[in-house]
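Remarks on the overall topology
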Amino acid sequence: MLTADQARERVEDAIARAAAAGADAADAMLSGGESLSASVRMGALEDVSRAEHEELGLRVFLGQRSASISTTDLTPAALDALAARAVAMAREAPADEWAGLAPADRLMKGAVPALDLDDGGIGDPVALKARALIAEDAARAVPGVTNSEGGGASASRSVWALATSHGFAGAYVTTTHGVSASVLAGTAGAMERDYAYHSARHLRHLEDAAEIGQRAGERAVARVNPGRVKSGAMPVVLDPRVGPGLLGHLAGAISGGAITRQTSFLLDALGTQVFAPGINILDDPHRPHGLRSRPFDGEGLPVSPVALVEDGRLETWLLDSASARQLGLEATGHASRGIGGAPSSGPSNLYLENGKLPVDSLISDIDYGVYVTELSGQGVNMITGDYSRGAAGFLIERGQITRPVSEFTIAGTLQAMFRALTPANDLAFRYGINTPTLRIEGMTVAGG
């Protein structure tokens, strides 16, 4: 795998070749890395795989015309041909008055922030196989588990580099380690599945594989013989596994693309009370070891922690440079991008701060409601905010989580759900987007 210095040199070289081919301006991004994974089922090894990749994306500008192109062939001759093709494509592209690189005076200067995202290696297949077996064995050992979809362990190490023709060049390396298990409980015709997994930047921070497996088994057993929910308006409580979906909808609604296209249910909400007072939602790209931490954004701008929602008020959009120009605002350092195409905008480590109540207190006054552990379907309209998802989980009766339920729907509008949301105090940073347990008043529940 390329080092960070080598990756940075590659993208700087691609920029020089684009300039030589006639580009007025350009940026280049490189993604490279290696990954290793092992999967087991019923105590036997099913697969071990290893992959390596290097890909470079080049975006060139001729005035207000631009084109993007990518390649996995990083030889000098191939990069020369790539630059020539990109410039030829840009000559035929339509003009876009908002397109362009980020403002030069806003680019990150100095050394890349050290976020401790790389632990130096991905281990070996033997260790991954052992980890996967431990997870699955622990899941299958839970009384009531009757079958297995398998256990898995993975590790990857990646390098990311970005350079622009007007003064930015940076690169950084990340590692990711993961372990998972998925099992079934119950008898034929009435089986229930559940899972557990964990990912971490450093192997030393990865949860114990046996704990992951046991959690998967206990979750599957708890879901056996589900009942039905009475239909009506009632409190809905979202497990931290599914609560982050609400923040994902928020991020999509306040992204620069949604605002400039006027396709957001929060189009006129900037500076207004979107959540209840006391609710704070933050984005922190500098979180050490964070699964979405990054030292700079997809255009080379510096990044920093920011409150998206403060005391319930929506404080900012998520803007890349193009959407910022269109709106007459400043880019917020939230540009994100893949190898091909122009940047879009999105969050990094997004989370909703803890509330004041333990989970038991949060549900103690619910006479009848549902605790949701799984959501399905795509019934979310980002233009109107209408929300309707299939769900499964558990009944809440007289302040206690009681029996499993499935095949019901929860519905409302995201606007009303945001305003009626109360967080518990059990926030844990396990995913890229994190929330504590969330209670939402007055949702419409339709039983099966």
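Please read these numbers as outputs of a predicted model, since none were measured by experiment. (Residues numbered from 1 in each chain as written. Predicted model: local features only at pLDDT ≥ 70, side-chain atom pairs only at ≥ 80, totals over all residues. Heavy atoms only, no water.)

Considering the sheet that holds strand S18 (residues 433-434)
Read across the sheet, 5 strands follow the order S10-S9-S8-S13-S18 without closing on themselves; strand pairing throughout is mixed. Taken across any chain shown, the strands that pair with only one partner, and hence form the sheet edges, are strand S10 (313-314) and S18. (Pairing = 2+ DSSP bridges. Helix = DSSP H or I, 4+ residues; strand = E, 2+ residues; numbered from the N terminus.)

Here we look at the side chain of Glu299
Tracing the backbone shows Glu299 in the loop between strand S8 (281-283) and strand S9 (306-310). Of the side chains bearing the opposite charge, Arg59 lies closest to the buried Glu299, which forms no salt bridge; the N-O distance is 4.7 Å. Side chain to side chain, Glu299 and Ser321 meet in a polar contact 2.9 Å long. If sequence neighbours within four positions are ignored, Glu299 has contacts with Gly100, Ala102, Leu107, Leu162, Thr164, Asp320, Ser321, Ala335 and Pro343. (Buried < 20%, exposed > 50% of the residue type's maximum accessible area, 1.4 Å probe, protein only. Lys, Arg positive; Asp, Glu negative; His and termini not counted. Salt bridge = Lys/Arg side-chain N within 4 Å of Asp/Glu carboxyl O. Polar contact = N/O pair within 3.5 Å; in protein donor to acceptor, adjacent residues only side chain to side chain. Contact = heavy atoms within 4.5 Å.)

Concerning the environment of Ser323
Position of Ser323 relative to the elements: it lies in helix H7 (residues 321-327). Residue class for Ser323 comes out buried when judged on its relative accessible area of 4%. For the pair Ser323 and Gly257, spaced 66 residues apart in sequence, the C-alpha to C-alpha distance is 6.4 Å. Every residue in contact with Ser323, bar those within four places of it in the chain, is listed here: Gly256, Gly257 and Thr260. A polar side-chain atom of Ser323 sits 3.2 Å from the main-chain carbonyl oxygen of Asp320.

Examining helix H3 (residues 125-140)
Turn by turn, an α-helix covers 3.6 residues, leaving residues three or four places apart pointing in a common direction. In this model H3 runs 22 Å from its N-terminal to its C-terminal C-alpha over 16 residues, within 8% of the 22 Å that 1.5 Å per residue would give. Along H3, the positions that sit buried rather than exposed are Leu128, Arg131, Ala132, Leu133, Ala135, Glu136, Ala138 and Ala139. Tucked inside the fold, the buried residues of H3 contact strand S1 (25-41), strand S2 (44-62), strand S4 (145-164), strand S5 (169-185) and helix H4 (209-222). By the N-cap criterion, in which a side-chain oxygen at the helix start approaches the backbone nitrogen of a residue two or three places on, H3 is capped by Asp124, the distance to Val126 being 2.9 Å. (Expected span 1.5 Å × (residues − 1).)

Overview of the sheet that holds S5
The strand order across the open sheet built from 6 strands is S3-S2-S1-S4-S5-S6, with neighbouring strands paired in antiparallel fashion. In this open sheet, the two strands that pair with only one neighbour each are strand S3 (65-71) and strand S6 (192-200). When strand polarity is set aside, the average angle formed by the axes of neighbouring strands in this sheet is 20 degrees. In this structure, S5 lies alongside S6, joined through 9 bridges in antiparallel fashion. Following the sheet pairing, Gly178 is matched in S6 by Ser199. Lying on the sheet, H4 is in contact with S4, S5 and S6; it crosses S6 at an angle near 155 degrees. (Axes fitted to C-alpha atoms, helices over the stretch in contact; angles between N-to-C directions.)

Some remarks on the packing of helix H1 (residues 4-20) against helix H2 (residues 76-92)
Two elements in contact, H1 and H2, have axes separated by 9 Å at closest approach and are oriented at 50 degrees. Accordingly, the angle class assigned to the pair H1 and H2 is oblique. Here H1 runs over H2; the crossing is right-handed. Within the contact between the two elements, H1 uses Asp13, Arg17 and Ala18 and H2 uses Pro76, Leu79, Asp80, Ala83 and Val87. Of the residues that constitute the contact of H1 with H2, the class distribution is 5 nonpolar, no polar and 3 charged. (Parallel < 35°, antiparallel > 145°, perpendicular 65-115°, else oblique. Left-handed = near helix turned anticlockwise from the far one by under 90°. Nonpolar A, V, L, I, M, F, W, Y, C, P; charged D, E, K, R; others polar.)

Notes on empty space enclosed by the protein
For the structure shown, the criterion picks out 2 cavities of 30 Å³ or more. In this structure, the largest cavity encloses a volume near 40 Å³. Taken together, Tyr195, Ala196, Tyr197, Arg215, Arg219, Arg241, Arg430 and Tyr431 form the lining of the largest cavity. Sorting the residues of the lining of the largest cavity by element identifies S6 and H4 as the ones contributing at least two each. With 3 residues, the single largest contributor to the lining of the largest cavity is S6. Considered class by class, the residues forming the lining of the largest cavity number 4 nonpolar, no polar and 4 charged. Estimates place the volume of the second largest cavity at around 40 Å³. In this structure, the second largest cavity is lined by Glu192, Arg223, Pro226, Ala392, Gly393, Pro404, Val405 and Ser406. Those elements that provide at least two residues to the lining of the second largest cavity are strand S15 (386-397) and strand S16 (400-413). Broken down by element, the lining of the second largest cavity gets its largest block of residues, 3 residues, from S16. In terms of residue class, the lining of the second largest cavity is made up of 4 nonpolar, 2 polar and 2 charged. (1 Å grid on protein atoms, 1.4 Å probe; cavity = no way out; pocket = protein on both sides within 12 Å on 5 of 7 lines; lining within 4 Å. Points joined across faces, edges and corners; volume = space filled by probe spheres on them.)

Re the layout of surface pockets
Considering only enclosed or pocket space, the largest pocket measures out at about 440 Å³ in volume. For the largest pocket, the lining is made up of 22 residues, of which Trp160, Tyr172, Arg292, Ser293 and Arg294 are closest to its centre. For the lining of the largest pocket, the secondary-structure elements that each account for two or more residues are S4, S5 and strand S11 (335-336). Per-element tally for the lining of the largest pocket: the top contributor is S4, with 5 residues. Split by residue class, the lining of the largest pocket holds 9 nonpolar, 8 polar and 5 charged. Of the volumes computed, that of the second largest pocket is approximately 330 Å³. Lining the second largest pocket are 24 residues, and of these Asp320, Ala322, Ser323, Ala342 and Pro343 lie nearest its centre. When residues of the lining of the second largest pocket are traced back to their parent elements, those giving at least two are S2, S3, helix H6 (256-260), H7 and strand S12 (344-345). A per-element tally of the lining of the second largest pocket places H6 first, with 4 residues. Here the lining of the second largest pocket is built from residues that sort into 7 nonpolar, 12 polar and 5 charged.

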